Amino acid sequence: MKVILLGLCLTIGCTALACQQQPDQERMQDQPQMGTASLQAATADSARDGRLHKTEEEWRAQLTEMQYYVTRQAGTERAFTGAYWDHKEDGVYNCVCCGQHLFDSKTKFKSGTGWPSFYEAVTAPAITEKADNSHFMLRIEVLCSRCDAHLGHVFPDGPEPTGLRYCINSASLDFEARGEMQSDHKEGG
Ligand SMILES: [Zn+2]
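Throughout this description, residue numbers start from 1 for each chain and increase along the sequence as written. For this predicted model, a pLDDT threshold of at least 70 governs which residues receive local features, and a threshold of 80 or more governs which side-chain atom pairs are given and counted, while totals over whole chains, interfaces and linings are taken from all residues.

Enquirer: Quick rundown of the overall build of the protein chain? Include the residues and the values.
Expert: Secondary structure is summarised from DSSP: a helix means a run of H or I of at least four residues, a strand means a run of E of at least two, and numbering begins at the N terminus for each. When helices and strands are tallied, the protein chain shows four helices and eight strands. Mapped from its N terminus to its C terminus, the protein chain presents α and β elements in the order α-α-α-α-β-β-β-β-β-β-β-β. With C-beta atoms placed from the backbone, the exposure class of a residue follows from how many other C-beta atoms lie within 10 Å of its own: 20 or more, buried; 12 or fewer, exposed; in between, partly exposed. Counting all 189 residues of the protein chain, 28% fall into the buried class. For the protein chain, contacts bridging at least 24 residues in sequence account for 57% of all contacts bridging at least 6. Any residue pair is listed as a contact if its two C-beta atoms, each placed from the backbone, are within 7 Å.

Structural data, given as structure tokens:
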């Protein structure tokens, strides 16, 4: 069993590294030196590549202190303190920073950890995975692919059908009830 988990870990790690390469290259091109002028230019150009770039000042103005700490400084809220760890309504969890759909309540499960837990993202491209060696652990960090908000981590000990556990901070999420969804998914429905 341990061998299988380790294998899965390595697979996820490799996938994360592979996925990470391209955004890193883009980031290096997009943000050479962060003078005020280039920051403003980056913000103005944010729609160009489908990604959302904002200055630290803009994020601070938009977010609460906890949301800023978690999403922009890769912080972690205390277990059992967030809004959604025990939240059971039907709908979608969006990125609190940019509104991108991240997780569906249908994939949420009770993990007992005190953080909202999902076994899969709403679409694979919504999430960027990245190796995280902090705190003397090898973990896979998950971020919003559109605005790079830190969301949490993914572990290989989740339930079927994926066997994955996306352990996400409530502070990174904004819940949208199914009936109230006004977005892009209306057409054809
Ligand atoms: Zn986002």
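Enquirer: If you had to explain the nonpolar core to someone new, which residues and values would you point to?
Expert: Side chains of nonpolar character tend, in soluble globular proteins, to be buried together. We call a set of buried Ala, Val, Leu, Ile, Met, Phe, Trp, Tyr and Cys residues a nonpolar core when their C-beta atoms link them within 7 Å. Judged by nonpolar contacts, the single largest core of 31 residues is most densely connected at Cys95, Leu102, Cys144, Tyr166 and Ile168. Breaking this core down by element, the ones donating at least two residues are strand S1 (91-95), strand S2 (101-104), strand S5 (139-144), strand S6 (150-155) and strand S7 (165-168). Take this core: its biggest share by element is four residues, from S5. Apart from the residues lying within four places of it in its own chain, the contact partners of isoleucine 168 are Phe103, Trp115, Pro116, Phe118, Leu151, Gly152 and Leu173.

Enquirer: Could you give an account of the environment of aspartate 90, with specific residues and numbers?
Expert: When you line up the elements, aspartate 90 lands in the loop between helix H4 (65-73) and S1. Residue class for aspartate 90 comes out exposed when judged on the 11 C-beta atoms lying within 10 Å of it. Through-space distance from the C-alpha of aspartate 90 to that of lysine 108 is 9.9 Å; in sequence the pair is 18 residues apart. Not counting residues within four places of it along the chain, the set of residues in contact with aspartate 90 comprises Ser105, Ala177 and Arg178.

Enquirer: I'd like a rundown of the sheet that holds strand S4 (residues 127-132), residues and numbers included.
Expert: Any two strands with at least two DSSP bridges between them are considered paired. One open sheet accounts for five strands, arranged S3-S7-S6-S5-S4; its pairing is antiparallel. Edge positions in the sheet fall to strand S3 (117-118) and S4, since each has one partner strand and no second. Examined bridge by bridge, S4 and S5 share six bridges and lie antiparallel to one another. Along S5, the bridge assignment pairs isoleucine 127 with cysteine 144.

Enquirer: Just give me the short version of the sheet that holds S1, but keep the residues and values in it.
Expert: By way of backbone hydrogen bonds, the strands of a sheet pair with one another, either parallel or antiparallel. A sheet is described by the order of its strands in space; here three strands give the open sequence S2-S1-S8, paired in antiparallel fashion. For this open sheet the edge positions go to S2 and strand S8 (173-177), each flanked by a neighbour on one side alone. Averaged over all pairs of adjacent strands, the angle between strand axes in this sheet comes to 30°, irrespective of strand direction. Pairing of S1 with S8, which is carried by five bridges, proceeds in the antiparallel orientation. If you follow glycine 91 over to S8, its bridge partner there is alanine 177. All axes here are fitted lines through C-alpha atoms, helices being fitted over the stretch that makes contact, and every angle between N-to-C directions spans 0 to 180 degrees.

Enquirer: Give me the pairing of S5: which residues, what numbers.
Expert: If you look at the hairpin formed by S4 and S5, you'll find six residues sitting between the two strands, and histidine 135 has a positive phi there, around 55°. Here S5 runs beside S6; their pairing, made up of four bridges, is antiparallel. Residue pairing across strands places leucine 143 opposite histidine 150, the latter belonging to S6.

Enquirer: Can you explain unusual backbone geometry? Please cite residues and give values.
Expert: The linkage connecting glutamate 160 with the following residue, proline 161, adopts the cis geometry, with an omega of 5°. Secondary-structure assignment places proline 161 in the loop between S6 and S7. A positive phi angle, near 55°, is found at histidine 135, a position not held by glycine. Relative to the helices and strands, histidine 135 is located in the loop between S4 and S5.

Enquirer: Tell me about the confidence of the model for the protein chain, residues and numbers included.
Expert: The score called pLDDT rates the predictor's confidence residue by residue, from a low of 0 to a high of 100. Of all residues in the protein chain, 70% have pLDDT values of 70 or greater, and the mean over the chain is 81. In this model residues 5-45 is a low-confidence stretch, pLDDT under 50, and it forms 31 contacts with partners more than four residues away in sequence or in other chains. Low pLDDT (under 50) marks residues 185-189, which in the prediction has zero contacts with non-local residues, meaning those over four places away or in another chain.

Enquirer: How would you explain H4 if you had to name every residue and give the values?
Expert: Taken together, the buried positions of H4 are Gln67, Val70 and Thr71. What you see down the axis of H4 is that its buried residues fit within an arc of 80°, all on one side. Opposite the packed face of H4, turned more than 90 degrees from it, sit the exposed residues Glu65 and Gln73. Remark: alanine 74 follows H4 within two positions and exhibits a positive phi of approximately 55°. The arc in question is the one spanned by the directions pointing from the helix axis to the C-beta atoms.

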